[in-house]
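In case you want the letters, here they are:
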Amino acid sequence: MGHDHGHGRAAVALGSAARHRRRLAVVLVLTAAFLVVEVVAAFAANSLALLSDAGHMLTDVLGLGMALTAIELARRHGVRRRGEGHTTIHTYGLYRLEIIASFCNALLLFAVAGYVLVEAIRRISSEPEVTGTAMLVVAVAGLAVNVVAYLVLREGASESLNVEGAALEVLADMVGSAGVIVAAVLLQAFDWTWADAVFGIAIGVWILPRAWRLGGRSLRILLQAAPATIDLDEVAAELGSLDGVVDVHDLHVWTLTSGMDAASVHLVIDPSTDPHAVLDQARELLRNGHEIGHATLQVEPSDHTGCDEIGW
């Protein structure tokens, strides 16, 4: 049984987000530093738009902190391979923490948007005194910080849901800062105090659908649903068409974290079929045809019974 099926001892991939942890750290430092400035200025100027932007920036800091913590834990507690002298109860490592962090980011976005909407509606009728000059100066500085942060994270956002969540929050902050700038200009030019509350509402409404999308994608992974790009019927049909395969059952496909899809499946073969050839063909089909890098394949002769029976 000396057939090689490619079970190498290469380290398990750290996940797409791990490659961008330094960029996340840079953005975290920039955002945290400016948060302090914006909170002080928001209260000094009595600006809801500025305060809402600061509140959203607070979620950036918390979200980036969670994202970095999740990445670092996943990196340090990756899957231990047999023969390394270590054991772990986390048989898939802690990569899923990155998805939990992105889901928490979505919840934070909902909370901030809800607060801004309620407070803005309350303020529309009261028309409090707002200092437009302070709003404008801080908002322009905030926009510059957010642009830099977004450019730093943009590349990683296309590879990792965790980094995408952080980039989305920065993008929302960018829009928020732009809204504060417009509100400050209107306040300065026309003394429209209601502009502060209206733009606060606009920022909150803009955040909500993006938070919904991020939360939905994260929840889909946490519930171990098949990736949206995977057609399970198609995968089962392709596996069933392999030479010697007479049946396919117990097919499961799920996402561990961004860029790391996994699958398990039972392949029933004719007793005269070489199982090595079936294993190699199935592994290549899943890896090259569907980008599933980790697959657990159980090959069963058709004259064997019981493997399709489960108690739940």
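Residues numbered from 1 in each chain as written. Predicted model: local features only at pLDDT ≥ 70, side-chain atom pairs only at ≥ 80, totals over all residues. Heavy atoms only, no water.

Asker: Teacher, can you tell me more about helix H6 (residues 194-222) here?
Answerer: Residues spaced three or four apart along an α-helix point in a common direction, a consequence of the helix completing one turn every 3.6 residues. Taking 1.5 Å per residue as the helical rise, H6 with its 29 residues ought to reach 42 Å, and the 42 Å between its terminal C-alpha atoms agrees with that figure. All of the buried residues in H6 are Ala 195, Asp 196, Ala 197, Gly 200, Ile 203, Gly 204, Ile 207, Ala 211, Leu 214, Gly 215, Ser 218 and Ile 221. Within two residues after H6, Gln 224 carries a phi angle of roughly 60 degrees, on the positive side. (Helix = DSSP H or I, 4+ residues; strand = E, 2+ residues; numbered from the N terminus. Expected span 1.5 Å × (residues − 1). Buried < 20%, exposed > 50% of the residue type's maximum accessible area, 1.4 Å probe, protein only.)

Asker: I tried to follow the side chain of Thr 273 on my own but got confused; where do I start?
Answerer: Along the chain, Thr 273 turns up in the loop between strand S2 (260-269) and helix H8 (275-290). Not counting the four nearest positions on each side in its chain, Thr 273 is found in contact with Asp 243, Gly 244 and Val 278. (Contact = heavy atoms within 4.5 Å.)

Asker: Is there a simple way to explain the pattern of salt bridges in this structure?
Answerer: Taken as a whole, this structure holds one salt bridge when the rule is applied. In this structure, Asp 280 and Arg 283 form a salt bridge, with 3.4 Å as the shortest nitrogen-oxygen distance. One end of the pair is Asp 280 and the other is Arg 283, both in helix H8 and three residues apart, which spans about a single turn. Asp 280 gets classed as partly exposed once you look at its relative accessible area, which sits at 21%. (Salt bridge = Lys/Arg side-chain N within 4 Å of Asp/Glu carboxyl O.)

Asker: So what exactly am I meant to see when it comes to the confidence of the model for the chain here?
Answerer: Detail in the predicted coordinates should be disregarded across regions flagged by low pLDDT. Chain-level statistics for the chain give a pLDDT mean of 78 and a share of 81% at 70 or above. Helix H7 (residues 232-240) holds the highest mean pLDDT among the elements of the chain, 95, whereas helix H2 (residues 48-76) holds the lowest, 73. Scored below 50 in pLDDT, residues 7-15 shows 16 contacts in the model against residues more than four places distant or in partner chains. (pLDDT = per-residue confidence, 0-100.)

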